[in-house]
Structure formats: C-alpha cells, structure tokens
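# Chains, contacts and geometry: an overview
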Amino acid sequence: MIAKLIAEEIQKKILEAQREGLLPADIKPRFQVEPPKVKEHGDYATNVALSLAGQTRQNPRELASWFAERLAARQDLFEKVEVAGPGFINFFIAPSYWQQVPRFIEKEGPDYGRLDYGKGQKVQVEFVSANPTGPLHIGHGRGAAVGDTLARLLSFAGFKVEKEYYINDVGRQMKILGRSVYLRARELSGEEIDFPEDHYRGEYIREIARQLLKENPDFLKFSEEEALEEAKNFALKIILEGIKKDLKDFGVYYDCWFSEKKLYEEGLVEKALNFLKEKGLLYEKEGAVWFRARDFGDEKDRVVIRASGEPTYFASDIAYHYHKFFVRGYDLVVDIWGADHHGYVPRLKAVIKAFGLSPDRLQVLLIQMVNLLEAGRLKSMSTRAGEFVTLRELLEEVGRDATRFIFLTRRADSPLDFDVELAKKQSRENPVYYVQYAHARLASLFRKAKEAGISKISSEEADLSLLDTPEDFSLLKLLDYFPDTIEACVSKLEPHLLTFYLLDLATALHDYYTKHRFLSEDISRSQARLVLARAVKQVLATGLDLLGVSAPERM
RNA sequence: GCGCCCGUAGCUCAACCGGAUAGAGCGUUGGACUACGAAUCCAGAGGCUGGAGGUUCGAGUCCUCCCGGGCGCACCA
C-alpha cells in the first residue's frame, strides 16, 4: 500500500514541476514504484526521473535530485530519500509507518486487502465448461482451480463477479455420447457389438448403460432413433450430475450453468447472426454462410452455417457471446480455456470487434496442460480411450487443499507436472503444508498465550514501536504489500502471484519464529508481537481463503 | 509450410508495464530443539537466462534470425 502512497506523492511533484516550468505540460508521466531487488537500495524505488528525463532529454540524476529533495519533506512516510545509480530514487520508509500496519489490518479484519479496483464493474468468469461426455479429469481440475480463485480475487478486488459453466449439450459430441451408451446397453443385453474406435470407450459409459437399463428396462425396444435420444439425455443427466458433484467437492460453486441448447431454443443463434448480417458481415459461398473474420484480424473467414444448413459450433459461440454482452451486459468477460484452443482466440476476438465492442472486453486465459507424474514417470492420458486420472480420484487421493494449491503454484500458461506422490507427502516438498503450518503455528501460539495469562490487547493499546527487529520489518512490509499483490493478481489475471506471496509470508513467519520469541517476560513486547502475529494470521487466512484452501487451527 | 506459447541452477519454477548484484523450493554438503509446533530454521556449492545480432542510459523481459520443445492450423466441439 505504501507503493500507492509514494506514487501519489510523485504525481503531485510532477504537477509541481510542470507549474514551475521544469517539465513540459504535455509530458507523459509513466513510472513505476517497486521494491528493489537489493536491500541496500531501500524499501521502494522509482524510475520516474529516468522515464521523464528520457522524454525531455534532461539529465536524469539532476531531475532525480529535484524530486528526492521535495519528496523527503514527507517525514511521516520517509526516513530517507536518495538518488542512486543512473537516476533511481530510493525510498527508505519510516519505521513508524511500517509499525502501524497491524492497526489497519486489525481494523479491516477479513476485509484487509479488499480493493475498489473493479469499481463495481460486472464481470463474468467462464471456466471448465468441459463437454459433458465424461467425468472431469486432472486438466479440468487446473482450470477449475485457476478460474475459481480468479473469480474470488476479482470479487475481492471490487468487481461484481458471476461464475459460469457453459454446457455443450448439442452437436456431434452429444450424438456420439448417446450412441456410445446405446451400444453398450445393447452389448450388456447380450448382443455382440463391434464398438467404434471414435466412440467413448471409458468404463463409465458401461456404468451409465447399466443404470439406464435398470431404470428403463424397456428402452431397447424403442425405435433406434428414440433409444438414441433417450440414451443421450440420460447420459447427459448422469454425467452432468457427476461434474457438478466433483466441482462442489472441489470447492467450486457456479452462479450459472448455461446450456448451449438454450441458445437455439431461444432463437439467440438466429438473432446474433442477423445482427452480423445487418452489418453486412455475413456472406454466402459454396452453399455455406461465412463470417468476415478476416476484416477483424483473424487469418481467414469462418463458416457459421454449413452447406447442410446446420450451424457450426462457432455460430453457437457467437450467439453465446452476444448473450453475454448484449443480453446480460457484462463489462468484462473472462473465458478460461485449455491452451489447445488458442487458435480460436483471434476468431472470437474478431466477433467481439464485429459487435462493435472493444476487444479488451473479452479476456481469454489459456491454461496449459497438466502432465501426470507417477513415480517420476510421465503417464499418458487419453480421454477417448477412457484412460485418464479424474478430478475425483485426485480429490480422494490427494485432497482438496493440496490439489488446489499445487494447481496455483505455476503461471497458468506454463505446463504443469503434477506429481501425485509428492502431492500426498506431508512435508516441505509439498508447499501447501508450509503455508498451512504457519497458520496453525500461530493458532497454537494464541492458545499458549492464553495459558500463559498474557492478556490480549488491541493494536491501539499496544506499543508497536517495539516491533523493531529486521524480522519484524520483513513481516510488516509483506503485510503492507498484500493489497498490492491482490491488485497484481487481478490486473494481470495471474492468480499464482497470490500463492507465491503466501509462501513468502510463511517463510518470513517461520524465520521470525526461530529467531525471536513471541511470548516472554517482557509483557509489552509480547503484546506488541501478538498484535503482529494476529495480523499475519489474518492475512494468511484471507489469502488461503481466496485460494479455496483451508486455514487449519491445528494440523 | 503458417500461427500461438515456452527454453532461466542437476530437477521443478519465480522475477510485478524494460530497472541496479537474476531469486526460491527440491536434491546435495555441513550445522541448529531441556523455552511459544523441527511439517521449522541457518550456512555452503550450484548461472554466459538455448544461440547470434539489434533497439537504449539499462534487456531474462522488446525486435529480427537460428536451434530445441509443446499446441494449434475444419463446413469437429
């Protein structure tokens, strides 16, 4: 948060410089305030002088001195402001600033870190949206963890968030699903079936067929057309129920399960295509209807209605996004897809542009694939063949906390090796316990404090100037940085930054633990440290909650 | 062939819109519990950021080319 305050101060000084004629009025004040990598360079540093001097061809060090001198006047914030290197300005923050951070946190409680960044804008996060043709597997789990945490973060940062799952319940995949179940059912009734290669071969299909025969023993006597329809609907229902249960057990709740079928039933596909047609963006060629995607940056035009008269999947997606923006009116839409769909991004962006909207209104987050490691070996997975590790198995073997946490220990766009053995281990190798342990340790500390009869006092009463060791300041600085972390996660759509932050905070806490005692003869110092400990515990709890991971009182 | 993403320590990964001396964990070597939880901590070794150019005060980060890997390139979803 101090970074924000510094940036505000700098802004004021830029205006001052412009008034005094030191800087031209039309200058673009682009600069950063960030913690330097080297401790000797202070708590925060800014490149404002370098950036401005670059534009005006002034001497950066002279400009930096001008700023440094004036900024130093804020003695409540800065102990020292110095010019260094080619023209950086380094800030050494006043200890008294850091020491009052726990007061903020105590006052805000679970709301500490909450931002108004989103200003109440309506944002939709659509994620997982796996075809309902089989159980969710490990890759969907990653999408679920990233999407759900991102949604929580956006909401925490002041957006009005809705989470959505798009159900592809029409089209070819569905037909194949129905047929797969139908054929298995016939097989189960004793018929010999040559099961097609390109159908769903997983064991779960047999299971569904078995259930269907049990609930509706006569269904094979229907006409083939009716039986296929019945099998399809039944399978969809069962699979969707399973998906919903898996996600619920993973801690993921949706505001809306949106059916593709509904787009057709409500005439939205027609409506959206008409919208484009009226703008002259559709044309006919070789019996099909095409969308002028090229005009909007895609590499070629795309078919929306096949020569057969059937709409393509792309047509559904046009309608779906039409609905998102024009019917439901989201300010921002975040779609989370598997990275194998990346070629589809320009196509959909083209649609958004054709709608006359800024392409920034749609953000597509691509999630790289998950490789499963077993005993250090890559395990191959194939959905069609029914060989994969399901999210369900992962939840049962590894547990929700470790699974969610591990999925968020990488940037979404880098592939992730998921090592099941490691995830099950309850040791340092498994990062989730490291953070949870920090929380549990603090909980235990408060139990001990109570036993020792050290009364709990508020941060207002405590003498926080006693938080004066390097380890105190490490913790205080990290606590102060928490809201900045939230903002970074949201502005970059990178929830993994929160995971790394929590690991840093836990490290600082464990370090503190071995070097200092929270509870001692010195009652005022103990009380000050307990105030600090409470603040750390609060931030750990808030952070873990955003990740959807529990913050245990004991382990 | 074209496009997108990625190459950072032995391994797995960070590095906030281009910032100063590239950081963690695992592994490895050696150390720290008769005091709040050792699921912890401390120290050592380990790097030409795949390669070559370029842009500039300054490049892991931006541009070009090359090498290596992943994924796409449907009137499939």
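Residues numbered from 1 in each chain as written. Chains lettered and ligands numbered in written order. Predicted model: local features only at pLDDT ≥ 70, side-chain atom pairs only at ≥ 80, totals over all residues. Heavy atoms only, no water.

## Considerations on the packing of helix H7 (residues 172-188) against helix H9 (residues 224-249)
Worth spelling out the cut-off: All axes are obtained by fitting lines to C-alpha atoms, using only the stretch in contact for helices, and the reported angles, taken between N-to-C directions, cover 0 to 180 degrees. Each helix is a run of H or I in the DSSP string that is no shorter than four residues. Each strand is a run of E no shorter than two, and both are numbered from the N terminus. Small angles under 35 degrees read as roughly parallel and large ones over 145 as roughly antiparallel, with 65 to 115 read as roughly perpendicular and the rest as oblique. Every residue pair with non-hydrogen atoms within 4.5 Å of one another is taken to be in contact.
In the contact formed by H7 and H9, the axes pass within 8 Å of each other and the chain directions differ by 105 degrees. Classified by the interaxial angle, the pair formed by H7 and H9 is roughly perpendicular. Contacts from Met174, Lys175, Leu177, Gly178, Arg179, Val181, Tyr182 and Arg186 of H7 reach H9 at Glu224, Ala227, Leu228, Ala231, Lys232, Ala235, Leu236 and Ile239.

## Details of the sheet that holds strand E8 (residues 282-285)
To keep it simple, the criterion reads: Paired strands, in this sense, are two strands between which DSSP finds at least two bridges.
An order of E8-E9-E10 is seen for the 3 strands of this open sheet, with the pairing classed as antiparallel. Since the sheet does not close on itself, it has two edges, and those belong to E8 and strand E10 (302-305), each with one partner. For this sheet, the mean angle separating the axes of adjacent strands, direction not counted, is 45 degrees. Bridge analysis of strand E9 (residues 288-291) against E10 gives 3 bridges, and the strand direction is antiparallel. Paired with Trp290 across the two strands is Val303, which belongs to E10. Each of E9 and E10 is contacted by helix H12 (residues 313-327), which is oriented at about 80 degrees to E10, the strand it contacts most.

## What to know about the nonpolar core
Rules: Throughout, nonpolar core names a set of buried Ala, Val, Leu, Ile, Met, Phe, Trp, Tyr and Cys residues whose side chains join them through atoms within 4.5 Å. When a residue's accessible area, from a 1.4 Å probe over protein chains only, is under 20% of the maximum for its type it is buried; when over 50% it is exposed; and in between it is partly exposed.
Counting 154 residues, the largest nonpolar core has Phe91 and Phe418 as its most contacted members. For this core, the leading source of residues is helix H20 (residues 523-547), giving 12 residues. Residues within four places of Phe418 in sequence aside, it is in contact with Ile138, Val370, Asn371, Leu372, Leu373, Leu394, Val398, Thr403, Ile406, Phe407 and Ala423. The next biggest cluster of nonpolar side chains, apart from the first, holds 36 residues, and it includes Phe291, Tyr320, Val345 and Val364.

## Side note on the protein's contact with RNA strand B
As a reminder of what qualifies: Here a residue counts as near a molecule or strand whenever at least one of its heavy atoms sits within 4 Å of it. In the analysis that follows, any N or O atom pair within 3.5 Å is treated as a polar contact, provided that within protein one partner can donate a hydrogen and the other can accept it, and provided that, for residues neighboring in sequence, both atoms belong to side chains. Put simply, Ala, Val, Leu, Ile, Met, Phe, Trp, Tyr, Cys and Pro go in the nonpolar bin, Asp, Glu, Lys and Arg in the charged bin, and everything else, Gly too, in the polar bin.
Around RNA strand B, 64 residues are found, and the nearest of them are Arg306, Arg410, Tyr434, Arg441 and His516. Looking at RNA strand B alone, sugar and phosphate atoms form 62% of those within 4 Å of the protein. Between a base nitrogen of RNA strand B and a side-chain N or O atom of His342, the distance comes to 2.5 Å. At 2.3 Å, a side-chain N or O of Arg441 approaches a phosphate oxygen of RNA strand B. The set of elements that each furnish at least two residues to the surface near RNA strand B consists of strand E4 (88-93), H7, helix H17 (431-451), helix H18 (470-492) and helix H19 (496-515). In terms of residue count, the dominant contributor to the surface near RNA strand B is H17 (8 residues). The residue inventory of the surface near RNA strand B, partitioned by class, reads 26 nonpolar, 18 polar and 20 charged.

## Considering the pairing of E8
In the sheet, E8 pairs with E9 via 4 bridges, with the strands oriented antiparallel. What sits directly across from Leu282, in E9, is Phe291. The hairpin formed by E8 and E9 contains 2 residues between the paired strands, and Glu286 there has a positive phi angle of roughly 50 degrees.

## A short note on the packing of aromatic side chains
Applied cut-off: Pairing of aromatic rings covers Phe, Tyr and Trp, the last counted by its six-membered ring, and requires centre-to-centre distances within 6.5 Å; plane angles under 30 degrees mean stacked, over 60 mean edge-to-face, and any other angle means tilted.
Tallying each qualifying case throughout the model produces 28 aromatic pairs. Arranged with centres 6.2 Å apart and planes meeting at 50 degrees, the rings of Phe291 and Phe314 form a pair that is tilted. Of this pair, Phe291 sits in strand E9 while Phe314 sits in helix H12, placing them 23 residues apart in sequence. Each of the two residues, Phe291 as well as Phe314, counts as buried.

## A look at the domain arrangement of chain A
Which entries qualify depends on this criterion: Residue ranges for the domains trace back to a domain assignment, done automatically or taken from a database. Here's the idea: put two parts together, see how much 1.4 Å probe accessible area each one loses, and the total over both is what we call buried area. Basic side-chain nitrogens of Lys or Arg form a salt bridge, by our definition, when they fall within 4 Å of a carboxyl oxygen of Asp or Glu.
The domains assigned to chain A are domain 1 (2-93), domain 2 (122-168 + 252-367), domain 3 (172-249) and domain 4 (427-547). Summarising the inter-unit geometry, the C-alpha centres of domain 2 and domain 4 are found 42 Å apart. Contacts between domain 2 and domain 4 engage 11 residues on the former and 11 residues on the latter. Here domain 2 and domain 4 share an interface that buries about 1000 Å² over both sides, 84% of which is from carbon and sulfur atoms. At the boundary of domain 2 with domain 4, the tally comes to 0 salt bridges. Summed over the shared surface of domain 2 and domain 4, the result is 1 residue pair in polar contact (both at pLDDT 80 or more). At the level of elements, helix H6 (138-156) and strand E12 (362-367) are the ones that each hand at least two residues to the side of domain 2 that touches domain 4. If one sorts the elements of the side of domain 2 that touches domain 4 by residue count, H6 sits on top with 7 residues. Of the residues belonging to the side of domain 2 that touches domain 4, the class tally is 8 nonpolar, 2 polar and 1 charged.

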